[in-house]
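Below, each chain spelled out in residue letters.
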Amino acid sequence: MKHGRIRYEGRVVEVTEGADGRVRLPDGRLLDEAEAQWLPPLEFGTVFVLGLNYADHAKEIAFNKAPEEPLVFLKGPNALQGHRGKTWRPADVDYMHFECELGVVIGKTCRNVPRQRAYDVVAGYCAANDYAIRDYLENFYRPNLRVKNRDGATPVGPWFVDAADIPDPMNLRLRSWVNGELKQDGNTRDMVHDIPALIAHLSGFMTLNPGDLILTGTPVGVADSKAGDEIVTEVEGVGRLVNTIAGEPPAPPSH
Ligand code: MG
């Protein structure tokens, strides 16, 4: 089943996917997905993000070789937003690119999970777009806080999909379009460190908890995105995520 969250009549409402991709409210009514005000599909816990986890993408951004150990960083909750949102591109930057990624959602509290049992702790999957503003990189990938942890710069969704509905998460097509033009076309089978390896690695030194999210990296094909561009990132069978690049910063939160 596909689960989501929207803001509806002033409340946060948990929804599921209805016929023709429509949004089913708890009382059974259906909304057009384009009309819904989407939130990230879950309240995620720790967000782990893989850098350089596809060899072709590592080459594309001037690394000859992907890292031998997973290169992982964290994001705070400010970074996430839902389907059909807007992400700000500052006016003075030269290169802001999208990254279509498979998100893996942990379903159990766990530690020291061997790779052969890794899928036992997976609750499900979601699509994500891990935008980067490369102007802010210092020494390339270190540190990358200002590159990657920006307000609303990680759209996630629309749906969280139960693990049972995705029998082979290591064979899913990942595609991105800019204003309808296909720019990125890869497959999760080309990850350097696969899902079991990532879960074994992370749980080997820390506890993972239900709702933790692992963004597993992006394949070759990233491209610059300008204000006004519509970016679609799709993970086969998981979700088609729409986002628009904004030329203005988001309104600050009210206190
Ligand atoms: Mg990424």
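Residues numbered from 1 in each chain as written. Predicted model: local features only at pLDDT ≥ 70, side-chain atom pairs only at ≥ 80, totals over all residues. Heavy atoms only, no water.

Trainee: Can you explain the nonpolar core? Please cite residues and give values.
Mentor: Ranked by internal contacts, the top residues of the largest apolar core, which has 38 residues, are Ile 6, Leu 102, Ile 199 and Ile 214. At the level of secondary structure, the elements contributing two or more residues to this core comprise strand E1 (2–8), strand E2 (11–17), strand E6 (47–51), strand E11 (100–106), strand E12 (122–129) and helix H3 (195–203). With near-sequence residues (within four places) excluded, Ile 199 lies in contact with Ile 106, Val 113, Ala 118, Val 121, Val 122, Leu 208 and Ile 214. (Core = buried A, V, L, I, M, F, W, Y, C linked by side-chain atoms within 4.5 Å. Buried < 20%, exposed > 50% of the residue type's maximum accessible area, 1.4 Å probe, protein only. Helix = DSSP H or I, 4+ residues; strand = E, 2+ residues; numbered from the N terminus. Contact = heavy atoms within 4.5 Å.)

Trainee: Summarise the coordination of the magnesium ion; cite the residues concerned and give the values.
Mentor: Protein ligation of the magnesium ion involves Glu 99 (OE), Glu 101 (OE) and Asp 130 (OD), the donor distances falling in the range 2.0 to 2.1 Å. Here the donor residues for the magnesium ion map to a single chain with the spacing E-x1-E-x28-D. (Donors = N, O, S within 2.8 Å, 3.2 Å for Na, K, Ca; no water.)

Trainee: Could you give me a rundown of the pattern of salt bridges, with the residues and numbers involved?
Mentor: Applying the stated criterion to the full structure yields twelve salt bridges. With its nearest N and O atoms 2.7 Å apart, the salt bridge here joins Asp 224 to Arg 89. In this pair, Asp 224 sits in the loop between strand E18 (213–215) and strand E19 (230–235) while Arg 89 sits in the loop between strand E9 (85–88) and strand E10 (96–97), placing the two residues 135 residues apart along the sequence. Assessed through its relative accessible area of 25%, Asp 224 is described here as partly exposed. (Salt bridge = Lys/Arg side-chain N within 4 Å of Asp/Glu carboxyl O.)

Trainee: Let's hear about unusual backbone geometry: which residues, and what values?
Mentor: Here the residue pair Gly 157 and Pro 158 is connected by a cis peptide bond, since its omega of 0° sits within 30 degrees of zero. Here Pro 158 shows up in the loop between strand E14 (154–155) and strand E15 (160–162). Although it is not a glycine, Asp 20 adopts a positive phi angle of roughly 60°. In this structure, Asn 179 is a non-glycine residue whose phi angle is positive, near 50°. You can see Asn 179 is positioned in the loop between strand E16 (173–178) and strand E17 (181–187).

Trainee: Can you tell me about the side chain of Glu 99, naming the residues and giving the values?
Mentor: Structurally, the position occupied by Glu 99 is in the loop between E10 and E11. Residue classification places Glu 99 among the buried residues on the basis of a relative accessible area of 3%. There is a polar contact of 3.0 Å between the side chain of Glu 99 and the side chain of Lys 148. Filtering out sequence-adjacent residues up to four positions away, Glu 99 remains in contact with His 57, Ala 128, Asn 129, Asp 130, Ala 132, Arg 134, Lys 148, Gln 184, Thr 218 and Val 222. (Polar contact = N/O pair within 3.5 Å; in protein donor to acceptor, adjacent residues only side chain to side chain.)

Distances and angles like these do not, on their own, reveal function.
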